[in-house]
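Letter by letter, the chains look like this.
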Amino acid sequence: MSKYMINTWEPETSHFWQHTGKPIAHRNLWISIPALLLAFAVWMVWSVVVVNLPSIGFKYSTNQLFWLTALPGLSGATLRIFYSFMVPIFGGRRWTTISTASLLIPAIGIGFAVQDINTSYPTMLVLALLCGFGGGNFASSMANISFFYPKAQKGFALGMNAGLGNLGVSVVQFVVPLVITVGVFGALGGEPQTWMKAGEAKQLWLQNAGFIWVPFIAATALISWFGMNDLATAKASFAEQAVIFKRKHNWLMCWLYTGTFGSFIGYSAAFPLLIKTEFPDLNPLQYAFLGPLVGALARVAGGIISDKLGGARVTLWTFFMMIGAVLGVIYFLPHGDSGANFWGFFSMFMLLFACTGVGNASTFRMIPVIFLTARQRDAAGKGAAAQQQAIIDANKEGAAVLGFTSAVAAYGAFFIPKSYGTSIALTGSPVAALWCFIGFYLSCIAITWWCYARRNANMPC
């Protein structure tokens, strides 16, 4: 048996948790967070790269650029479906190491591809799809961390893992614009690209958008291998986990989490290009990183608030606020010949990002509670052994649902940028897409209230 395998894990037992479980859980969490941050950085790197491609000579249409922004979301969401079930099969330590190391492939590939303006568009599309490796990691990372913590602290743990991991989106949109202006790796990093701005020649090392992550990915993969643990109680085959597809609440939470996380990651992916399209005189990279930053930090706070107030109540009010924020965005966008208000637009998006972050945490707080309550109801009156088995089963189901809902929700990283692109192509404005998002949020309000938040809800959480 590996020294990294833990055979007994009882986080709901107070003595075990205080004397044995807590330090181990925290160590795994603090290794998981940087691994997830890097995954998000690689997943969202195209949101920054596409803004710079036309400057260095790549002749792509606006719709083609939106495709490059959207495809990592498509592949990342699809990979999450499979990654959702990997931790109980392979173990959290082993799978975190493998999935983190896989990020080297797109990071290195982008670094070489952008150095040659003759690189074909299909090649760029493939590299965009490979960035989905980063998107897939979230499902397995959240499932893994959920096993380590007791019910009372799952909101905190999942909020910290996801919230600080989500910072990778903000980090990539802040760091890449800085590192592409200097030759970070000297001769090893390749020659700069030269482009003209206001009649002045400027140099850009766009390859650093990929290369800058390579040493951090390699180091984090090694730390994961030697510092994390596998839990024997988390072991389960795909067949055992597949029971979630029969659970009604799995599908309902997929819908709600698409409204929160799907919005966060979709808005994050498209925000720089949306600013560039609607406010062409501005440099979007000066502002775009702030949206994901606000959303990620709000997720940390949202986890703590949801532990105290209940996930369903927080989720319900979050969707109301998201609708108000989208209406504000529509109001401040350019409309025909009327002047737009960038700062109004920007402030509404900051509110929208904050709401998605809080909603991300509150929906993920709901999931473990829902499945623990359901399994404990099934085991009621059947003795202590049945109650203990109910906790084990609930943890496995809850972890699988956390991963699977994150997979479905991640399609937001594809649909939101593509919706903008389609709306602009058909109407000249992203407003039609935004009205569709409002309609979706209204459906989320109805589901949350009826199933989870009203006084006589069947599954209050």
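Residues numbered from 1 in each chain as written. Predicted model: local features only at pLDDT ≥ 70, side-chain atom pairs only at ≥ 80, totals over all residues. Heavy atoms only, no water.

K.L.:
How should the overall build of the chain be read in this particular structure?
P.N.:
The number of helices and strands found in the chain is 19 helices and 4 strands. A globule of 461 residues ought to have a C-alpha radius of gyration of about 23 Å, and the chain, at 22 Å, matches this closely. If one aligns the C-alpha atoms of the chain with their principal axes, the spans along those axes are about 80 × 50 × 35 Å. Of all 461 residues assigned to the chain, the portion counted as buried reaches 60%. Here the contacts in the chain between residues at least 6 apart in sequence split such that 83% fall between residues at least 24 apart. Summed over its atoms, the accessible surface of the chain is roughly 17,600 Å², and 67% of this surface lies on carbon and sulfur atoms. For the chain, the distance from the average site of its 27 positive side-chain charges to the average site of its 14 negative ones is 9 Å. (Helix = DSSP H or I, 4+ residues; strand = E, 2+ residues; numbered from the N terminus. Rg over C-alpha atoms; globule rule 2.2 N^0.38 Å. Buried < 20%, exposed > 50% of the residue type's maximum accessible area, 1.4 Å probe, protein only. Contact = heavy atoms within 4.5 Å. Areas by Shrake-Rupley, 256 points an atom, 1.4 Å probe, with all protein chains shown as cover. Lys, Arg positive; Asp, Glu negative; His and termini not counted. Charge placed at Lys NZ, Arg CZ, Asp CG, Glu CD.)

K.L.:
Got a minute to help me understand the pattern of salt bridges in this structure?
P.N.:
Applying the stated criterion across every chain yields a total of 5 salt bridges. Salt-bridge contacts for Arg93 lead to Asp230; the nearest nitrogen and oxygen are separated by 4.0 Å. One end of the pair, Arg93, is in helix α5 (residues 92-101); the other, Asp230, is in strand β4 (residues 230-231), with 137 residues separating them in the sequence. Each member of the pair Arg93 and Asp230 is classed as buried. (Salt bridge = Lys/Arg side-chain N within 4 Å of Asp/Glu carboxyl O.)

K.L.:
Whenever I open this one, the state of the cysteines confuses me. Can you help?
P.N.:
Covalently bonding the sulfur atom of one cysteine to the sulfur atom of another cysteine gives a disulfide. All told, the structure shown has 0 disulfides when counted by the stated rule. The thiol of Cys254 is not disulfide-bonded; the next cysteine sulfur, from Cys444, is found 12 Å away. Sulfur of Cys444: no disulfide; nearest cysteine sulfur belongs to Cys451 and is 12 Å away. (Disulfide = S-S within 2.5 Å.)

K.L.:
Got a minute to help me understand the packing of aromatic side chains in this structure?
P.N.:
Aromatic rings considered in pairs are described by the distance between their centres and by the relative angle of their planes. Using the criterion set out here, one finds 49 aromatic pairs in the structure. Ring centres of Phe112 and Phe211 lie 5.4 Å apart, and the angle between their planes is 80°; this geometry places the pair in the edge-to-face category. A residue pair is termed long-range when its members are at least 10 positions apart, and Phe112 in helix α6 (residues 104-113) and Phe211 in helix α10 (residues 208-211) qualify at 99 residues. Its relative accessible area of 56% is what places Phe112 among the exposed residues. (Phe/Tyr/Trp six-rings, centres within 6.5 Å; stacked < 30°, edge-to-face > 60°.)

K.L.:
How should a nonpolar patch on the surface be read in this particular structure?
P.N.:
Residues Ile89, Phe90, Phe238, Phe245 and Trp251 make up a contiguous nonpolar surface patch of roughly 450 Å² in combined accessible area. Topologically, Phe90 is positioned in helix α4 (residues 86-90). When its relative accessible area of 33% is taken as the criterion, Phe90 is described as partly exposed. (Patch = residues over 30% accessible without salt bridge, like charges linked within 9 Å, V, L, I, M, F, W, Y side chains within 5 Å.)

K.L.:
Would you mind going over α5 with me for this structure?
P.N.:
Along an α-helix, residues three or four positions apart point the same way, because every turn accommodates 3.6 residues. Among the 10 residues of α5, 7 are classified as buried, and the element is accordingly described as predominantly covered. Among the residues making up α5, those that are buried are Gly92, Arg93, Trp95, Thr96, Thr97, Ser99 and Thr100.

K.L.:
Help me out: how do you make sense of the packing of helix α14 (residues 290-309) against helix α15 (residues 311-332) in this one?
P.N.:
When two helices pack together, their arrangement is given by the angle between their axes and by how far apart the axes lie. At a closest axis distance of 7 Å, the pairing of α14 and α15 adopts a crossing angle of 125°. Classified by the angle between their axes, α14 and α15 sit oblique to one another. Residue-level contacts link Ile305, Ser306 and Leu309 of α14 to Gly311, Arg313 and Val314 of α15. Its residues assigned to classes, the contact of α14 with α15 comprises 3 nonpolar, 2 polar and 1 charged. (Axes fitted to C-alpha atoms, helices over the stretch in contact; angles between N-to-C directions. Parallel < 35°, antiparallel > 145°, perpendicular 65-115°, else oblique. Nonpolar A, V, L, I, M, F, W, Y, C, P; charged D, E, K, R; others polar.)

K.L.:
Is there a simple way to think about helix α11 (residues 214-227) in this case?
P.N.:
The terminal C-alpha atoms of α11, which comprises 14 residues, lie 20 Å apart, in line with the 20 Å expected from a rise of 1.5 Å per residue. Among the residues making up α11, those that are buried are Ile217, Thr220, Ala221, Ser224 and Gly227. In an axial view of α11, the angular spread of the buried residues amounts to 155°, which keeps them on one side of the axis. Within α11, the exposed residues directed more than 90 degrees away from the buried face are Leu222 and Phe226. The elements touched by buried residues of α11 are α1 (14-43), α5 and α6. (Expected span 1.5 Å × (residues − 1). Arc of directions from axis to C-beta.)

K.L.:
Looking at this structure, I do not really get the side chain of Glu397. What am I missing?
P.N.:
Turning to its location among the elements, Glu397 is positioned in helix α17 (residues 384-409). Classification of Glu397 by relative accessible area gives buried; the value is 8%. There is a polar contact of 3.0 Å between the side chain of Glu397 and the side chain of Arg247. (Polar contact = N/O pair within 3.5 Å; in protein donor to acceptor, adjacent residues only side chain to side chain.)

K.L.:
So what exactly am I meant to see when it comes to the packing of α1 against α11 here?
P.N.:
α11 packs onto α1 with a crossing angle of 150° between their chain directions and a minimal axis gap of 10 Å. With respect to α11, the axis of α1 lies roughly antiparallel. In this structure, the crossing between α1 and α11 has a hand that is left-handed. From α1, Arg27, Ile31, Pro34, Ala35, Leu38 and Val42 reach across to α11, where they touch Phe216, Ile217, Thr220, Ile223, Ser224 and Gly227. Its residues assigned to classes, the contact of α1 with α11 shows 8 nonpolar, 3 polar and 1 charged. (Left-handed = near helix turned anticlockwise from the far one by under 90°.)

K.L.:
Can you help me understand the environment of Leu29 in this one?
P.N.:
Take Leu29: it is sitting in helix α1. Each C-alpha atom of the pair Leu29 and Met228 lies 8.8 Å from the other, and the pair is 199 residues apart in sequence. Excluding anything up to four places from it in sequence, Leu29 contacts Ile145, Tyr149, Ala157, Met160 and Asn161.

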